[in-house]
Amino acid sequence: MSGTVATRGSAPRRPLGLRGTPAEKGRWKRPVYGLLGVVLLLGVWELLARVGVVDALLFSRPSDVAGSFATAVGQGAVVHDIGVSAVEIVCGLLGAVAVGVPVGVLCGWNKWVFFAVDPWLTILYALPIVALAPLMINVVGIGLGAKVLLVFLFAVFPVAINTLTGVQATSNQYLGVAHVYGARRAMVLRSILLPGALPYILTGLRLAGGRALVGMVVAEFTASEEGIGFRLQVAGSSLQTGLLLSLVVLLGLVGVLYSAGIRALDNRLSAWRRDR
């Protein structure tokens, strides 16, 4: 008799030649090819700057960018700015999740609430928050609260709208079965709506992370004397190109790491979908 035999307490082995699915075998390719693309771009940039094709005053060489960032870190000011901006982003994103997810669930679950709230979501999402930033700071005042509020306003709408879409996309068949078996509303929410909307919620979080970075920079551009946005403004006005580009790269790296973290969380929490 051919085949594999599993002993008690041990997991069954995969047949020889089928070890690892294509997704598992190619899992390493994404970060490796992404890193190779970045290294190639930086190498071309460095070469063009050294031969004079790119003006080093406007676009510093990658080596100079790294040196400028290391010098700024050694002086301590940038480290303080990173800490200030991190507090603003974390507080703003937590507020966006705490408000956006319940609002999205409520609007997606109750059509009357949806009819009342959806126009406001559309209007507020379309408003140019950047243009309103000075007015908002004049009303709220200058300080941490004003900057957190701006980050919150930039981030909350992707969370709320994606959550709403996810709840509305839940199959009526599942809801009908729950109704037939007399499931309570809390159980329907916990067992059907939230698991079904989870991929949409995480997509909203990914979008909210990028918008939160923009909101942080706008807030610190408008009224602040510390933070990455303030340091970007100072570096740009004083032609410290190396420092400016290093901070832009830092923000991009934060966005990449945040997106990768949300993607990993999605893969972990949504594994049951792939196992069906």
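Residues numbered from 1 in each chain as written. Predicted model: local features only at pLDDT ≥ 70, side-chain atom pairs only at ≥ 80, totals over all residues. Heavy atoms only, no water.

Chemist: Can you break down the overall build of the protein residue by residue, with the values?
Modeler: Along the protein, the regular secondary structure elements total 12 helices and 0 strands. Listing each helix as α and each strand as β along the protein from the N terminus yields α-α-α-α-α-α-α-α-α-α-α-α. The buried share of the protein, reckoned over its 276 residues, is 32%. Pairs at least 24 residues apart make up 71% of the contacts formed inside the protein by residues separated by at least 6 positions. Total accessible area on the protein stands at roughly 17100 Å², and carbon and sulfur atoms take up 68% of it. (Helix = DSSP H or I, 4+ residues; strand = E, 2+ residues; numbered from the N terminus. Buried < 20%, exposed > 50% of the residue type's maximum accessible area, 1.4 Å probe, protein only. Contact = heavy atoms within 4.5 Å. Areas by Shrake-Rupley, 256 points an atom, 1.4 Å probe, with all protein chains shown as cover.)

Chemist: Can you explain the nonpolar core? Please cite residues and give values.
Modeler: Counting residues in hydrophobic clusters, the biggest one holds 48 residues, and the most contacted among them are Leu150, Met216 and Leu251. Taken together, the elements giving at least two residues each to this core come down to helix H4 (77-109), helix H5 (111-126), helix H6 (129-140), helix H7 (144-168), helix H9 (185-222), helix H10 (228-237) and helix H11 (241-269). (Core = buried A, V, L, I, M, F, W, Y, C linked by side-chain atoms within 4.5 Å.)

Chemist: Which residues make up the side chain of Ser85, and what values do they have?
Modeler: Among the secondary structure elements, Ser85 is positioned in helix H4. Ignoring sequence-local partners within four residues, the contact set of Ser85 consists of Met216, Glu220, Gly227 and Ile228.

Chemist: So, the packing of H4 against H7: which residues are in play, and what are the values?
Modeler: Closest axis-to-axis distance for the H4/H7 pair is 6 Å, and the angle between their directions is 35°. Relative to H7, H4 is oriented so that their crossing is right-handed. Here the contact of H4 with H7 is built from residues that sort into 22 nonpolar, 7 polar and 2 charged. (Axes fitted to C-alpha atoms, helices over the stretch in contact; angles between N-to-C directions. Left-handed = near helix turned anticlockwise from the far one by under 90°. Nonpolar A, V, L, I, M, F, W, Y, C, P; charged D, E, K, R; others polar.)

Chemist: Explain H7 residue by residue, including any values.
Modeler: The end-to-end C-alpha separation of H7 is 36 Å, in line with the 36 Å expected for 25 residues at 1.5 Å each. Remark: the principal bend of H7, roughly 30°, maps to Ala155, with a proline, Pro158, within the next four residues. Counting buried residues along H7, 19 of its 25 residues qualify, which places the element largely inside the surrounding structure. (Expected span 1.5 Å × (residues − 1). Bend = angle between axes of the 7 residues up to and from the residue.)

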